[in-house]
Amino acid sequence: MWSLLIRNTSLVHTLEAAKGLPRAVVGVESGRVTYLGPEDGIASGAVGPGTEVLDAHGGFVGPGFVDPHTHLVFAGDRAREFELRCQGASYLEIAQAGGGIANTVRAVRAASEDELVEAALPRLKRLLAHGVTCAEVKSGYGLTLDDELKMLRAIRRLSALQPVELVPTLLCAHAIPPEYRERRAEYVELCARDIIPAVAADRLARFCDVFVEEGAFTVEEGRRILEAARAHGMIPRLHADQLSRMGASALAAELGAASADHLEHVDAAGMKALASAGVSAVLVPTSTLFLRQTPPAPGRALVDAGVNVALGTNVNPGSAMSENLPLALGLACLLNGLTAFEAYRAATRGAALALKREDLGTLRVGGPADLVVFSCTSEAHLPYHLGINHASVVVKAGRVVHRATGTEAADCR
Ligand code: NIG
């Protein structure tokens, strides 16, 4: 007998075909989707006293959002930097003056693992309330062996403490730590020879990321670190072409990275390289706006070039202090030129593929019952009702893990 039946939907998006299933119901058993189809097709005996019946009240249902790019484990407060940027200071200027990532590094080094876990829990709760059932989380604010391990252990604990499934990424190459500023080659070797093997030994990260950027790491340094990571079984991904163009997209293609993220400065050759190497493009338009960057990433051209496009919040204290994934959908339409369906796909199926999670971002019989019941009739309302949350019920592995209360989920049926 099913544990859960979701009925009275406007449509169910499976993300298996372009169009959803109008007025379909969803049956769930043992944490998996067991039926998708018309209500009159439900087999007798499937629904009984043990079945929880969830009325979608005419809203649509789709897979849980997957957030493929977050830095949600951090300590400290950078609200002051936001003010400085609003007054005209650039992200790079703040970083060069000892703020930026280095500011959060000081706070993370001073925090205990318990404190990092405590600070991240409410952020995960907000992600969940916006319909996210799986999120990638990066280290990268420790930048010593012990502090990177501390961050990744915090991520492992967080995954077990709350419903959002977490995919850990080692980002020891987020910035050159201040104490290594005059001997950066030594830090690159520390990453390659000490941090990566230690993280791999404890299976603390599935991916390894490098911020290839002016003021961060060069292409050659990125290659050295990501080749070492690959040799230890981690999959490369990159912060690429965010603030300048240094060849990071070509490096992502060369290394067969899972994704190249940001891409505000990617050019036609970079897009072609990503497309032919099958590297996903992760767009994070909240930070494009937050840093007031122009132009935004060429989302339209990336889709047209045949690249798998994914969409994330990039929640972090410096360039995107927001857990609002629906806002990112709106910005992906307004800034990056995606259609509503493309933005929705990018935050579900596209994001799952960018995390090499074939099983997620889709609803299929036999697949995980990670899903969201929305309070609007189609995905078109998500970007249009800008920054507003329509997730009314969130289900993870067949269990209702969030119900919006009062007006928390906007109603536009
Ligand atoms: O993805 N670009 C580098 N890393 C983050 C920002 C981190 C921070 O400022 O704390 C990003 O935008």
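Given the structure is predicted, the values throughout are model-derived calculations rather than measurements.

On to the overall build of the protein, then. Within the protein one finds 15 helices and 18 strands. At 21 Å, the protein has a C-alpha radius of gyration in line with the 22 Å of a compact globule built from 413 residues. With the C-alpha coordinates aligned to their principal axes, the bounding extent of the protein is approximately 70 × 40 × 40 Å. Relative to its 413 residues, the protein shows a buried fraction of 60%. Long-range pairs, those at least 24 residues apart, make up 73% of the contacts in the protein with a sequence separation of at least 6.

Domain boundaries assigned for the protein yield domain 1 (4-62 + 363-403) and domain 2 (65-354). Relative to domain 2, the C-alpha centre of domain 1 lies at a distance of 30 Å. At the junction of the two partners, domain 1 supplies 23 residues and domain 2 supplies 22 residues. By the criterion of area lost to domain 2, the three top residues of domain 1 are Leu15, Pro383 and Lys396, representing 29% of everything that side buries. If you look at where domain 1 meets domain 2, you find one salt bridge. In this structure, the salt-bridge partner of Glu165 is Lys396, at a minimum N-O distance of 2.6 Å. Between domain 1 and domain 2 we count four residue pairs in polar contact (both at pLDDT 80 or more) in total. Looking at the side of domain 1 that touches domain 2, the elements with two or more residues in it are strand S16 (371-374), helix H15 (381-384), strand S17 (391-396) and strand S18 (399-403).

Right, let's talk about the sheet that holds strand S14 (residues 280-283) for a bit. Strand order in the open sheet formed by eight strands is S8-S9-S10-S11-S12-S13-S14-S15, and the pairing between neighbours is parallel. Bordering the open sheet on either side are strand S8 (65-67) and strand S15 (309-311), each of which pairs with just one other strand. In this sheet, neighbouring strand axes are inclined to one another by 25 degrees on average, regardless of whether the strands run parallel or antiparallel. Sheet topology places strand S10 (residues 165-173) next to strand S11 (residues 207-211); three bridges connect them, and they run parallel. When the bridges of S11 are listed, Leu170 appears paired with Cys208. Packed onto the sheet, helix H7 (residues 219-231) meets S10, S11 and strand S12 (235-240) and runs at close to 175 degrees relative to S11.

Close to the ligand lie 15 residues; Arg78, Tyr91, Tyr141, Gln242 and Ser319 are nearest. Arg78 is positioned such that a nitrogen or oxygen atom in its side chain is 2.7 Å from an oxygen atom of the ligand. Taking His239, its side chain carries an N or O atom lying 3.1 Å from an oxygen atom of the ligand. When grouped by side-chain class, the residues that make up the shell around the ligand number four nonpolar, 10 polar and one charged.

The subject of this paragraph is the state of the cysteines. When the sulfur atoms of two cysteines share a covalent bond, that bond is a disulfide. Throughout the structure, instances matching the rule amount to zero disulfides. Summary of cysteine pairing: Cys134 is not part of a disulfide, and the nearest cysteine sulfur, belonging to Cys208, is at 19 Å. Cysteine Cys172 is unpaired, with the sulfur of Cys191 as its nearest cysteine sulfur at 3.6 Å. Among the residues examined, Cys172 registers a relative accessible area of 0% and is labelled buried.

With that settled, the discussion passes to a nonpolar patch on the surface. Taken together, the side chains of Leu289, Leu334, Leu335 and Leu386 present a nonpolar region at the surface, about 360 Å² in accessible area. Following the sequence through the fold, Leu289 ends up in helix H10 (residues 285-290).

A word on the packing of aromatic side chains. This model, assessed by the stated rule, comprises eight aromatic pairs. Relative to Phe374, the ring of Phe60 lies with its centre 4.5 Å away and its plane at 15 degrees, an arrangement referred to as stacked. Here the residue Phe60 occupies a position in the loop between strand S6 (52-55) and strand S7 (61-63), and Phe374 occupies one in strand S16, the gap between them amounting to 314 residues. When the ring of Phe65 is compared with that of Tyr344, the centres are 6.1 Å apart and the planes differ by 75 degrees; the resulting orientation is edge-to-face. A residue pair is termed long-range when its members are at least 10 positions apart, and Phe65 in strand S8 and Tyr344 in helix H13 (residues 340-346) qualify at 279 residues. You can call Tyr344 buried: its relative accessible area is 0%. Among the aromatic residues, those joined into a ring-pair cluster are Phe60, Phe65, Tyr344 and Phe374. Here the guanidinium or amino end of Arg123 rests over the ring plane of Phe74, the centre of that ring lying 3.5 Å away. A cation over a ring is seen here: Arg183 above Tyr180, with NZ or CZ 4.4 Å from the ring centre.

Bringing unusual backbone geometry into the picture now. Here the residue pair Thr294 and Pro295 is connected by a cis peptide bond, since its omega of -10 degrees sits within 30 degrees of zero. Along the chain, the position of Pro295 falls in the loop between H10 and helix H11 (299-304). You will see that Arg203, though not glycine, has its phi angle at about 50 degrees, which is positive. The phi dihedral of Lys356 is positive, around 60 degrees, even though this residue is not glycine. Along the chain, Lys356 turns up in the loop between helix H14 (349-354) and S16. Overall, Lys356 belongs to the partly exposed group, its relative accessible area being 41%.

What counts, and at which threshold
- Residues numbered from 1 in each chain as written.
- Predicted model: local features only at pLDDT ≥ 70, side-chain atom pairs only at ≥ 80, totals over all residues.
- Heavy atoms only, no water.
- Helix = DSSP H or I, 4+ residues; strand = E, 2+ residues; numbered from the N terminus.
- Rg over C-alpha atoms; globule rule 2.2 N^0.38 Å.
- Buried < 20%, exposed > 50% of the residue type's maximum accessible area, 1.4 Å probe, protein only.
- Contact = heavy atoms within 4.5 Å.
- Domains from an automatic or database assignment.
- Buried area = accessible area lost by both parts, 1.4 Å probe.
- Salt bridge = Lys/Arg side-chain N within 4 Å of Asp/Glu carboxyl O.
- Polar contact = N/O pair within 3.5 Å; in protein donor to acceptor, adjacent residues only side chain to side chain.
- Pairing = 2+ DSSP bridges.
- Axes fitted to C-alpha atoms, helices over the stretch in contact; angles between N-to-C directions.
- Near = heavy atom within 4 Å.
- Nonpolar A, V, L, I, M, F, W, Y, C, P; charged D, E, K, R; others polar.
- Disulfide = S-S within 2.5 Å.
- Patch = residues over 30% accessible without salt bridge, like charges linked within 9 Å, V, L, I, M, F, W, Y side chains within 5 Å.
- Areas by Shrake-Rupley, 256 points an atom, 1.4 Å probe, with all protein chains shown as cover.
- Phe/Tyr/Trp six-rings, centres within 6.5 Å; stacked < 30°, edge-to-face > 60°.
- Lys NZ or Arg CZ within 6 Å of the ring centre and 35° of its normal.

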